[in-house]
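Single-letter residue listing:
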Amino acid sequence: MAKPIRSDLFDRRLLVNVGKGGVGKTTVSCLLGLLAAQRGKKTLIAEVDGAGRAARLLGAQPGEVGMAQTVRPLLSVMSVEGSAALAEYLQIILPVKRVIQAVLASRIYQYFVAAAPGLKELMTIGKIWYEAERIDDASGERSWDLVILDAPATGHSMQYLSMPRAAHEVFRSGLVGRESQRLVDLLSDPLRTAVNLITTAEEMPVNEAIEMYGRLTEDLQMPLGYLFINRVHRAEFDEDAIAQLGDPARLADPKDRALAAEVIRRAREEAGWTAINASYLQKLRDCVPLPAVELPYVYAEEFGVEQVRDLVAVMDVALGASGRRSGKHARA
Amino acid sequence: MRPVVEVENMRGLDDIIGKHKVIICAGSGGVGKTTTAASLALRAALMGRRTIVMTIDPAKRLANALGVDALGSASTEVTADGAPVGLLSAMMLDQKGAWDDLVERHAPSEEVRNRILANHFYQHLSQSFAGSQEYMAIEQLCELHASGKYDLIVVDTPPTRHALDFLEAPQRIADFLDRSVVKWFVRPYFSAGWATMRLVNRTVGFLFRRLEDATGVSALSQVSEFFSDMSGLFENFEPRVRRVDELLRARETAFVLVASPEEQVLGEAEYFLQKIDELGMSLRAVVLNRVHSEVDGSRKAIGAEKLKPLLRHLGASDDLARVLAANFEVYESLGRGDTLRIEAFRRQLKRQVPVAAVPNFTSDVHSLAGLRSMHPYLFNEEGSVSLN
């Protein structure tokens, strides 16, 4: 059983968003980032698959890997990639520039980075940790109040999230073992970290979300945040209402007949998806005991600025209420 | 309903599944690759070709329908009500433990096999060895191809970050085991080889001292032992990678890109097209799933005011007429958006390949009948199926 959320989601240092490919993880990460920034948190969205989707969704061109790029007041995005993160890390721990360059250029190093199992995953999480804990030299303040990790699709995210623990097990005594321990500490601390599950209310994504919930709570023992259910259809009519309509064939004009048939077809599509969503929403309620936020399906020609703004408003209401409720709950 | 995006060269997909020996369905996650692969395979089987579909992670009911609901199923003939369905077979790859399989399969002796499987380093990290699942899928493909038991093999690719991971897996594994580099790692850690290298090359020496600090000496010797055992495992790996590569580039192999008309998905699809071109592999068709379409593509908004009287005429209450008309309007805008994005995507295609648009079905496609219901949108159903 999951522990209840003790504080506002945005009081954490790190939010990890996981879910099946194609369910809208990047969209949800951007919405959370926009909302956090709107609530005054200096926020970084860190995107792991490196495709620059988050930047593009927020209307910016993807920037250089490993470099934060400001896209809104208080909101930045960054692409994180393991081998770039390792190079950056080596530059921090190896003080001699000449040696670093020789190391980075050597064939053995390049081979090692490409082949060493789990190294890229480990360095990616390491970079996220670094950003989450980073103190700005000039101001002496934290660089970010909140880091949102837009994780890759489920199978890969498990590899990322389990890597610090695995590395700690293998390299207990060495530097890697000690550094890994710090990552494990961050990832398993419910005050600093929350993992959010993202899904749509359809068979495969829901199955993955349920499986992921089990692995996160049992194997990885990571603190969980919210369940975000994306693209939910809520028709104001059902199949029964449609079935009671008369046959379009009774209309005199053939154009009207065709048009009425199309209207009914689309009504069936919407009612059908509403029914599918409803049954998987129930399954999620039964199997994933987390506070849930439903995001409505967006019926726009294009998913643009206006649609993003509307969804942020939905999330604002949902998280605001839940946050307060669980706050009271915690005090009670 | 007709697909709104006109399928150019309507015989396209029938030709493709009729002429090729291997079809690889590629695309990013969540776009319906598995169902598309199964639907194409079913069609080929119904055309009379001995066909097998290799699925990776089908929905339970689809796996059930294909008879591959047990993990790692060997190839099984697909039946409906006890009768075989055309000449269709299916198999499911077990994604978990792909490396264990590789080790089991290629270890030169039982002793080496046991030593690898018991290696501490291997046990903890084997999940994250690069490309093992993708490689196992390709190796399986080569085996099926070599067996000559099938006229057509349809492959569903693993859900990777980028569709390309699948294509590059053999090369990545080859790099992983690149003997000229690996030989430095495979010597027993305390051997003279390492000591000499550390003395001879200052950079390497420095790197290894740091590596020792980083991993601890005992872990490093485990790592070294592991690489040493693994290198023996892949004695004949190079020729195998070459064979795989040849098969992926062969004229008898066709790639079918599966996507959906969302901005992000199409963006990745464009990148995939560019890469597959660079790699010298051939894209033969595009299948777009979950496509919304406008009424006869007229792009003229049909106002709610025109619809409400029609619906009232069919017995709808004012309220129902209002919500149904509003629903129609929003679906029209979805259709308009999808049509515009698909048109822009088609303009990017270098060569003309068939582009099939499959509508957004109101139920998940999980049965043979469901797979069959995709066919009118994938193929030209009007003409009879030709077997020449």
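Criteria and thresholds
- Residues numbered from 1 in each chain as written.
- Chains lettered and ligands numbered in written order.
- Predicted model: local features only at pLDDT ≥ 70, side-chain atom pairs only at ≥ 80, totals over all residues.
- Heavy atoms only, no water.
- Helix = DSSP H or I, 4+ residues; strand = E, 2+ residues; numbered from the N terminus.
- Buried < 20%, exposed > 50% of the residue type's maximum accessible area, 1.4 Å probe, protein only.
- Contact = heavy atoms within 4.5 Å.
- Areas by Shrake-Rupley, 256 points an atom, 1.4 Å probe, with all protein chains shown as cover.
- Disulfide = S-S within 2.5 Å.
- Pairing = 2+ DSSP bridges.
- Axes fitted to C-alpha atoms, helices over the stretch in contact; angles between N-to-C directions.
- Core = buried A, V, L, I, M, F, W, Y, C linked by side-chain atoms within 4.5 Å.
- Left-handed = near helix turned anticlockwise from the far one by under 90°.
- Nonpolar A, V, L, I, M, F, W, Y, C, P; charged D, E, K, R; others polar.
- Salt bridge = Lys/Arg side-chain N within 4 Å of Asp/Glu carboxyl O.
- Phe/Tyr/Trp six-rings, centres within 6.5 Å; stacked < 30°, edge-to-face > 60°.
- Expected span 1.5 Å × (residues − 1).
- pLDDT = per-residue confidence, 0-100.
- Polar contact = N/O pair within 3.5 Å; in protein donor to acceptor, adjacent residues only side chain to side chain.

The secondary structure content of chain B amounts to 18 helices and 8 strands. For chain B, with 388 residues in total, the buried portion stands at 54%. Considering only contacts in chain B between residues 6 or more positions apart, those separated by 24 or more positions represent 77%. Counting every atom, chain B has about 16900 Å² of accessible surface; 49% of that belongs to carbon and sulfur.

What follows deals with the state of the cysteines. The tally for this structure, following the rule as stated, stands at 0 disulfides over all chains. Cys142(B) takes part in no disulfide bond, and the closest cysteine sulfur to it belongs to Cys25(B), at a distance of 17 Å.

Attention now moves to the environment of Val112(B). Among the structural elements, Val112(B) can be located in helix H5 (residues 110-118). Along the sequence, Val112(B) and Met47(B) sit 65 residues apart, while their C-alpha atoms lie 47 Å from each other.

Looking now at the pairing of strand E6 (residues 193-200) of chain A. Working note: regular strand, side chains alternate between the two faces of the sheet. Residues and elements named next belong to chain A. With 8 of its 8 residues buried, E6 lies for the most part within the structure. Burial of the side chains of E6 extends over both faces: Thr 193, Val 195, Leu 197 and Thr 199 are buried on one face and Ala 194, Asn 196, Ile 198 and Thr 200 on the other. One ladder, built from 5 bridges, connects strand E1 (residues 14-18) with E6; its direction is parallel. Looking at E6, one finds that Leu 14 is bridged to Thr 193. Sheet analysis places E6 next to strand E7 (residues 224-232), joined by 5 bridges and oriented parallel.

Moving on: the sheet that holds E7(A). All names here are of chain A. Strands sit in the order E3-E4-E2-E5-E1-E6-E7-E8 across an open sheet of 8 strands; the sheet is mixed. With one partner strand each, in any of the chains shown, strand E3 (69-72) and strand E8 (292-296) form the two edges of the open sheet. Taking the axes of each pair of neighbouring strands and ignoring which way they run, one obtains an average angle of 25° across the sheet. Bridge count between E1 and strand E5 (residues 146-150): 4 bridges; the pairing is parallel. Bridge assignment links Leu 15 to a residue of E5, and that residue is Ile 148.

All names here are of chain B. One finds Leu 13, Ile 23, Leu 66, Val 286 and Leu 378 to be the most contacted residues of the largest nonpolar core, which totals 80 residues. At 7 residues, the largest contribution of residues to this core is made by helix H2 (residues 33-46). Other than its neighbours up to four places away in sequence, Ile 23 contacts Ile 16, Ile 17, Leu 40, Leu 152, Ile 153, Val 154, Val 155, Ala 254 and Val 256.

A packed helix pair is summarised by two numbers, namely the angle formed by the two axes and the spacing between the axes. Residues and elements named next belong to chain A. Interaxial distance between helix H3 (residues 82-93) and helix H6 (residues 119-133) falls to 8 Å at its minimum, and their mutual angle equals 60°. In this structure, H3 crosses over H6, and the sense of that crossing is left-handed. Along its contact with H3, which presents Gly 82, Ser 83, Ala 85, Leu 86, Glu 88, Tyr 89 and Ile 92, the element H6 presents Leu 119, Lys 120, Met 123, Thr 124, Lys 127 and Tyr 130. Residue composition of the contact of H3 with H6, by class: 7 nonpolar, 3 polar and 3 charged.

Residue and element names in this part refer to chain A. On inspection of all chains with the given rule, the structure shows 33 salt bridges over all chains. Between Glu 262 and Arg 265 there is a salt bridge whose closest N-O contact spans 3.2 Å. Of this pair, Glu 262 and Arg 265 both sit in helix H11 (residues 254-287), 3 residues apart, which is roughly one turn of that helix. For Arg 265, a relative accessible area of 28% puts it in the partly exposed group.

The subject of this paragraph is the packing of aromatic side chains. Tallied over the entire structure, the rule returns 4 aromatic pairs over all chains. Relative to Tyr331(B), the ring of Tyr299(A) has its centre 6.1 Å away and its plane inclined at 50°; by these criteria the two rings are tilted. Residue Tyr299(A) is located in the loop between E8 and helix H12 (305-331), and its partner Tyr331(B) is located in helix H16 (residues 318-348); the two belong to separate chains. Residue Tyr299(A) is classed as partly exposed on the basis of its relative accessible area of 23%.

The end-to-end C-alpha distance of H3(A) is 16 Å, a good match for the 16 Å that 12 residues give at a rise of 1.5 Å each. Taken together, the buried positions of H3(A) are Gly82(A), Ala85(A), Leu86(A), Ala87(A) and Leu90(A).

To continue, consider unusual backbone geometry. All names here are of chain A. A positive phi is found at Gln 221, a non-glycine position, where the angle reads about 50°. Within the fold, Gln 221 resides in the loop between helix H9 (203-219) and E7. Residue classification places Gln 221 among the exposed residues on the basis of a relative accessible area of 52%. A positive phi angle, near 55°, is found at Arg 231, a position not held by glycine. Residue placement: Arg 231 occurs in strand E7.

Residue and element names in this part refer to chain B. Of note, Ser 260 is situated in the loop between strand E6 (253-259) and helix H14 (263-278). In this structure Ser 260 comes out as buried when scored by relative accessible area, which is 4%. Leave out the neighbours within four places in its chain, and Ser 260 touches Val 31, Val 265, Leu 266, Leu 288 and Asn 289.

This brings us to the environment of Val353(B). Residue and element names in this part refer to chain B. Take Val 353: it is sitting in the loop between H16 and strand E8 (355-359). Each C-alpha atom, one on Val 353 and one on Glu 139, is 28 Å from the other, the two residues being 214 residues apart in sequence. When residues no more than four places from it in sequence are discounted, the contact partners of Val 353 are Leu 283, Arg 284, Ala 285 and Val 286.

Moving on to the confidence of the model for chain A. Across chain A, the average pLDDT comes to 87, with 92% of residues at or above 70. Counting interchain partners and residues more than four positions distant, the pLDDT-below-50 stretch residues 321-332 of chain A has 6 contacts.

What follows concerns H11(A). Its 34 residues place the ends of H11(A) 49 Å apart at the C-alpha level, agreeing with the 50 Å of an ideal helix rising 1.5 Å per residue. The backbone nitrogen of Lys255(A) has a side-chain oxygen 2.9 Å away, supplied by the residue at the start of H11(A), namely Asp253(A).

What follows is about the sheet that holds strand E5 (residues 152-156) of chain B. All names here are of chain B. Pairing is mixed across the open sheet formed by 8 strands, whose spatial order is E3-E4-E2-E5-E1-E6-E7-E8. Of all strands in the sheet, those with a lone pairing partner are strand E3 (76-80) and E8, marking the two edges. Direction aside, the axes of adjacent strands within the sheet are offset by 25° on average. Two strands pair when backbone bridges link them, and strand E2 (residues 51-55) and E5 are joined in this way by 4 bridges, in the parallel orientation.

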